Amino acid sequence: MKDSTQKHIAIFASGRGSNAQAIIDYFKDNNTIKVALIVTNNKTAGVIQIAKDNRIPFDIISPAELKEEETILDLLELYQIDLIVLAGFLLLIPAYLVRAYPNKIINIHPALLPKYGGKGMYGMKVHETVLSNKEAETGISIHYVNEKYDDGEYIAQFRCHVEPSDSTDTVAAKVHKLEHEHYPREIEKLLK
Ligand code: GRF
């Protein structure tokens, strides 16, 4: 059991999990905020190994299970979750979950929304489009989650330059650096 001063985070992720790792590292020695649960829809996701290495409970759910209100709300209640942090989670968050956790679900997007967001705009596709449109800058958007992809109110955005010599890999590296630096801090601000 936790007391009222303690805050529990659930991270939802579908992929490699580098943001999950950055968040776990950031709160490792924090007495009040901890990553209490990892949820993934992908049984080969790198984030599962991260959960195991850090002894964090994890659950693998199917798209159908995500839609089962009772199953998911029970799971989140069991771990006394205060904030749901999406970190590369590719399924749409169902309406019941948005309603159950109002302004308590956040996402990170690897571009400066409202540009380069929405369904299908994820991963390298985002950076490829930024480069093909010859953008001079890109960055990250941290925002609340509503019932549409990449659409909720912004919490913070951070920028980086795009140089003519950049490739999708170098843009991705710059964006990931911003994500790992800022996402944990913004989470901490929200929970304080
Ligand atoms: C990040 O770029 C994030 O912005 C996006 O998905 C990616 C996840 O990367 N939503 P990782 O799995 O945390 O490495």
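A short tour of the structure in this document, coming up. Only a predicted model underlies this, so the values are computations on that prediction, with no experimental measurement involved.

**Description of the packing of helix α1 (residues 18-27) against helix α7 (residues 168-191)**
Helix packing geometry: the angle between the two helix axes and the distance between the axes.
For step 1, the next point in the chain: At a minimum axis separation of 9 Å, α1 and α7 run at an interaxial angle of 45°. If you check the angle between α1 and α7, you find them oblique. Along this stretch, α1 crosses α7, giving a crossing that reads as right-handed. Touching S18, N19, A22, I23, Y26 and F27 of α1 are H176, E179, H180, Y183, P184, R185, I187 and E188, all from α7.
For step 2, the next point in the chain: Considered class by class, the residues forming the contact of α1 with α7 number 7 nonpolar, 4 polar and 3 charged.

**Topic: the site of the ligand**
For step 1, the next point in the chain: Surveying the vicinity of the ligand reveals the residues G15, R16, G17, S18, N19, G88, I108, H109, P110, H176 and E179.
For step 2, the next point in the chain: A distance of 3.4 Å separates an oxygen atom of the ligand from a polar backbone atom of R16.
For step 3, the next point in the chain: Relative to its unbound accessible area of 360 Å², the ligand is 85% covered by the protein chains.
For step 4, the next point in the chain: Listed by contribution, the elements that provide at least two residues to the shell around the ligand are α1, β5 (105-109) and α7.
For step 5, the next point in the chain: Looking at the shell around the ligand residue by residue, the classes come out as 2 nonpolar, 7 polar and 2 charged.

**Thoughts on the environment of M1**
For step 1, the next point in the chain: When you line up the elements, M1 lands in the segment before β1 (7-12).
For step 2, the next point in the chain: By relative accessible area, which is 95% here, M1 ends up exposed.
For step 3, the next point in the chain: The sequence separation of M1 and N133 amounts to 132 residues, and the corresponding C-alpha distance is 51 Å.
For step 4, the next point in the chain: Residues in contact with M1, not counting those within four places in the same chain, are Q6 and Q80.

**Concerning the packing of aromatic side chains**
For step 1, the next point in the chain: In this structure the tally under the stated criterion is 2 aromatic pairs.
For step 2, the next point in the chain: With a centroid separation of 5.2 Å and an interplanar angle of 75°, the aromatic rings of F12 and F89 are classed as edge-to-face. A residue pair is termed long-range when its members are at least 10 positions apart, and F12 in strand β1 and F89 in the loop between β4 (83-86) and α5 (95-100) qualify at 77 residues.
For step 3, the next point in the chain: The buried category is assigned to F89, whose relative accessible area is 8%.
For step 4, the next point in the chain: With a centroid separation of 4.9 Å and an interplanar angle of 80°, the aromatic rings of Y26 and F27 are classed as edge-to-face.
For step 5, the next point in the chain: Under the relative-accessibility criterion, Y26 is labelled partly exposed at 36%.
For step 6, the next point in the chain: Relative accessible area serves as the criterion here: at 3%, F27 is assigned to the buried category.

**A look at the environment of H176**
For step 1, the next point in the chain: Note on placement: H176 falls in helix α7.
For step 2, the next point in the chain: Look at H176 and you get partly exposed, because its relative accessible area is 26%.
For step 3, the next point in the chain: Along the primary structure H176 and L112 are separated by 64 residues, whereas in three dimensions their C-alpha atoms are 13 Å apart.

**As for the pairing of strand β2 (residues 33-40)**
For step 1, the next point in the chain: Counting buried positions along β2 yields 7 of 8 residues, so the element is predominantly enclosed.
For step 2, the next point in the chain: Note: β1 against β2, 6 bridges, orientation parallel. Note that in β2 the partner of H8 across the bridge is K34.
For step 3, the next point in the chain: As paired elements, β2 and strand β3 (residues 58-60) share 3 bridges and run parallel to each other. Bridging across to β3, T40 finds its partner in I60.

**Notes on the side chain of T138**
For step 1, the next point in the chain: Relative to the helices and strands, T138 resides in strand β6 (residues 137-144).
For step 2, the next point in the chain: For T138, the contacting residues outside a window of four places in its chain are P110, A111, L112, V130, F158, R159, C160, V162, V171 and V175.

**A look at a negative patch on the surface**
For step 1, the next point in the chain: Residues E69, E70, D74 and E77 make up a contiguous surface patch of negative charge.
For step 2, the next point in the chain: With respect to the secondary-structure elements, D74 resides in helix α4 (residues 69-78).

Conventions adopted
Residues numbered from 1 in each chain as written. Predicted model: local features only at pLDDT ≥ 70, side-chain atom pairs only at ≥ 80, totals over all residues. Heavy atoms only, no water. Axes fitted to C-alpha atoms, helices over the stretch in contact; angles between N-to-C directions. Helix = DSSP H or I, 4+ residues; strand = E, 2+ residues; numbered from the N terminus. Parallel < 35°, antiparallel > 145°, perpendicular 65-115°, else oblique. Left-handed = near helix turned anticlockwise from the far one by under 90°. Contact = heavy atoms within 4.5 Å. Nonpolar A, V, L, I, M, F, W, Y, C, P; charged D, E, K, R; others polar. Near = heavy atom within 4 Å. Polar contact = N/O pair within 3.5 Å; in protein donor to acceptor, adjacent residues only side chain to side chain. Areas by Shrake-Rupley, 256 points an atom, 1.4 Å probe, with all protein chains shown as cover. Buried < 20%, exposed > 50% of the residue type's maximum accessible area, 1.4 Å probe, protein only. Phe/Tyr/Trp six-rings, centres within 6.5 Å; stacked < 30°, edge-to-face > 60°. Pairing = 2+ DSSP bridges. Patch = residues over 30% accessible without salt bridge, like charges linked within 9 Å, V, L, I, M, F, W, Y side chains within 5 Å. Salt bridge = Lys/Arg side-chain N within 4 Å of Asp/Glu carboxyl O. Lys, Arg positive; Asp, Glu negative; His and termini not counted. Charge placed at Lys NZ, Arg CZ, Asp CG, Glu CD.

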